[in-house]
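Structure at a glance
In case you want the letters, here they are:
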Amino acid sequence: MQLTVWQDKLQNALSISREAAVLSNIEKSAEIDVRSELEWDKVVDVLIVGSGAGGLVTALAASQNHADVLIIEKDERWGGTSATSGGGIWIPGSHLAAEAGFEDDLDDAFTYIRALSADNVADENIRAYIDNAAPMLRWLTDNTGVRYAAVPYPDYHAENEGGSPTGFRTHLPLDFDGRKLGKHARTQRVSSPAANLFGYLNWSFEETHILLHRSKGWLKGLMRSMARYWFDLPFRLTSRKDRRLTLGNALTGALREALERRSVPLWLSSPMSDLIMDGTRIAGAVVSHNGQSVRIGARKGVVLAAGGFDKNQEMRDQHMTLYTSSQFSGGVTSNTGDSIRAGSRVGAKTMNLQSAWAAPVFYVPGEDRGRLSTIERALPGCIMVNQSGERYMNEASSYHIAGQTMARREREHGDASPSWMVFDHKFRHKYPMGPLLPLVPDWLQSRSVRKIMKKGATVEDLARNMGVDADRLSATIARFNSHTEQGEDPDFNRGQATYDKMYGDPANTPNPCLRPLSEGPFYAMPIYPGDIGTNGGLVTDDKARVMGEDDTPIPGLYAVGNNAASSMGESYPGAGVTLGPAMTFGYIAARDLMGSNG
């Protein structure tokens, strides 16, 4: 009996010893995983920093490949600059263009971009964009509610080799019903003041054209849109948000709705402060969430998609000699370069930090950004002059070229910030000039707009109110007027390029961009050299992997959109070359992260 007891005790001891050994071996084999898990407050497959179009597309493509994805957004509103943009994407060779009858050649598109882009941009990056843009769009339209139309929007340098004067590379988003977003409609970033009417009413490019030229049915259409907005009850009682989403709101809204269907979380008010390395690999990030510092692990990788450093004046002072003012940037206030600086701290290489998506902007006192000027400059009956009252550029050129010209003029002569848009009575009551609305009497304009608007019964009176030389301004207008009857601008060839004519008034002949300034009173509005975002950033390869100072990829780290140095270099080849690459490289990054070719 005693022996049996001892045998039982020995057997139990051996069993316990074996179990302990097994547990010890398990713990040793999983030691790294256990320790790693204990270091993190949360672990996902893919962590995406930023909720603009590039980040949202990355999240969708990764989640389709069964990744556990988390999106973090610094701001209290989601959508980034993408939500405030026109939403256009430049996509060569798309199925939508083919359906519209345009057969594109990708080699032509590559030739066109390559000649315009900077020398330090690799061929492989441009090729990756050209080759993957159309498949990205096809995948997006097949798998989400995002809808686009290929439009006859000419390339900005259509006369260059490989350029398209007939368009159909630029694609514009179709409207999206914001009611599908439920509660998330309230936290979507609203459209830019330059992209809506009266500060609240969303409108499409087609509607802009109809209202601009007061085409047949324009008033009825406007009344219908306003009624739809005001009778969106009971939502209207608690929010100014227009739930009929257009332009960049439509794009980001449809992307967010698709992510909701996939149950992909998006944390608002959750800025990233640092990236975390495990040896040479990026393993996660430190994020502030709900008032606490949270360490988030990323098994597959971290994707930086948080925009440029538009609103970081210190970084502008350090890197940008042309585009010096954060105040006049059209970018959103949360774009302060956090991710670019975090990347630099872990050894990432940067490129072209001096560059921006340049643009002329109107600045209304009290607003947090500049308002992009796209259409006004091409319309007949206006000119742009410097502080001496002299023209110095083709006003109808693309906003990037116009912005670059203004910035260079300011750096070299100090007389272009502000410049002045000068126009006559006929223009004033027919077309908008930035925030100055047609048909609305001067006294009904907002106080901030009246504060910056200048007016004079004669050109000389206007010049005095502007603070420019009256004789020079009079001579400038006289010279301009003397050629416009023939539809000519021998000084700057305004209205000759295909792009110029697109935004002119087709009813104005012989040149849609030219008409004498002859009917007083005369008006002027200040306009500044600005931008719609910076486009230099972290160096990436053709898979959107961030490159280290040794020109090899940093494992686990990707960048898209304005976090990455643009494959366009310092050029702006066509409408949509900001969002097009952001979304395409987001698609590429997700496939590389997940090891997928689908």
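Residues numbered from 1 in each chain as written. Predicted model: local features only at pLDDT ≥ 70, side-chain atom pairs only at ≥ 80, totals over all residues. Heavy atoms only, no water.

A few points about the packing of helix 7 (residues 123-143) against helix 19 (residues 579-594)
Running from N to C, helix 7 and helix 19 cross one another at 85 degrees; their axes reach a closest spacing of 8 Å. The orientation of helix 7 relative to helix 19 falls into the category roughly perpendicular. Residue-level contacts link Asn 125, Ala 128, Tyr 129, Asn 132, Ala 133, Pro 135, Met 136, Trp 139 and Leu 140 of helix 7 to Gly 580, Pro 581, Met 583, Thr 584, Phe 585, Tyr 587, Ile 588 and Arg 591 of helix 19. Looking at the contact of helix 7 with helix 19 residue by residue, the classes come out as 12 nonpolar, 4 polar and 1 charged. (Axes fitted to C-alpha atoms, helices over the stretch in contact; angles between N-to-C directions. Helix = DSSP H or I, 4+ residues; strand = E, 2+ residues; numbered from the N terminus. Parallel < 35°, antiparallel > 145°, perpendicular 65-115°, else oblique. Contact = heavy atoms within 4.5 Å. Nonpolar A, V, L, I, M, F, W, Y, C, P; charged D, E, K, R; others polar.)

Focus on the nonpolar core
Of all hydrophobic cores here, the largest spans 112 residues; its most connected members are Val 46, Leu 255, Met 433, Met 525 and Met 583. Residues in contact with Val 46, not counting those within four places in the same chain, are Ala 62, Ala 67, Asp 68, Val 69, Leu 70, Lys 300, Gly 301, Val 303, Leu 593 and Met 594. (Core = buried A, V, L, I, M, F, W, Y, C linked by side-chain atoms within 4.5 Å. Buried < 20%, exposed > 50% of the residue type's maximum accessible area, 1.4 Å probe, protein only.)

A short note on the sheet that holds strand 3 (residues 89-90)
An order of 3-5-4 is seen for the 3 strands of this open sheet, with the pairing classed as antiparallel. Two strands lie at the open edges of the sheet, namely strand 3 and strand 4 (148-150), each paired on one side alone. With 3 bridges connecting them, strand 4 and strand 5 (residues 170-173) associate as antiparallel partners. Each residue of the ladder has a partner; that of Tyr 148, found in strand 5, is Pro 173. (Pairing = 2+ DSSP bridges.)

Concerning empty space enclosed by the protein
A probe matching the size of a water molecule, rolled over the atoms, marks out where space remains unfilled. If you walk through the whole model with that rule in mind, you get 1 cavity of 30 Å³ or more. Volume-wise, the largest cavity comes out at about 150 Å³. Forming the walls of the largest cavity are 16 residues, and the residues nearest its centre are Gly 561, Ala 565, Ser 566, Pro 581 and Phe 585. For the lining of the largest cavity, the element with the most residues is helix 19, which contributes 3 residues. Classifying every residue of the lining of the largest cavity gives 9 nonpolar, 7 polar and no charged. (1 Å grid on protein atoms, 1.4 Å probe; cavity = no way out; pocket = protein on both sides within 12 Å on 5 of 7 lines; lining within 4 Å. Points joined across faces, edges and corners; volume = space filled by probe spheres on them.)

Notes on the confidence of the model for the protein
Of the residues in the protein, 93% reach a pLDDT of 70 or more, and the chain-wide mean stands at 92. In this model, residues 1-38 is a region of pLDDT below 50 whose contacts with residues beyond four sequence positions or in other chains number 2 contacts. (pLDDT = per-residue confidence, 0-100.)

Overview of the layout of surface pockets
Roughly 580 Å³ of internal volume is contained in the second largest pocket. Around the second largest pocket, the lining comprises 23 residues; the ones closest to its centre are Tyr 153, Leu 172, Phe 205, Glu 206 and His 209. Among the secondary structure elements, those contributing two or more residues to the lining of the second largest pocket are strand 5 and helix 8 (205-213). Element by element, the count of residues in the lining of the second largest pocket is highest for helix 8, at 7 residues. Considered class by class, the residues forming the lining of the second largest pocket number 13 nonpolar, 6 polar and 4 charged.

A look at the pairing of strand 12 (residues 281-289)
Burial runs high along strand 12: 7 of the 9 residues are buried. Bridge count between strand 11 (residues 272-278) and strand 12: 6 bridges; the pairing is antiparallel. Within the sheet, the bridge partner assigned to Asp 278 lies in strand 12 and is Arg 281. Between strand 11 and strand 12, which pair antiparallel and follow one another directly, the connecting turn spans 2 residues, one of which, Gly 279, has a positive phi of 70 degrees.

Digging into helix 13 (residues 399-413)
When the terminal C-alpha atoms of helix 13 are compared, their 20 Å separation across 15 residues agrees well with the 21 Å that a helix rising 1.5 Å per residue should span. The complete set of buried residues in helix 13 reads Tyr 399, His 400, Ala 402, Gly 403, Gln 404, Met 406, Ala 407 and Arg 409. Where helix 13 is buried, its residues touch strand 15 (356-362), strand 16 (371-372), strand 17 (382-385), strand 18 (419-423), helix 18 (498-502) and strand 20 (522-534). (Expected span 1.5 Å × (residues − 1).)

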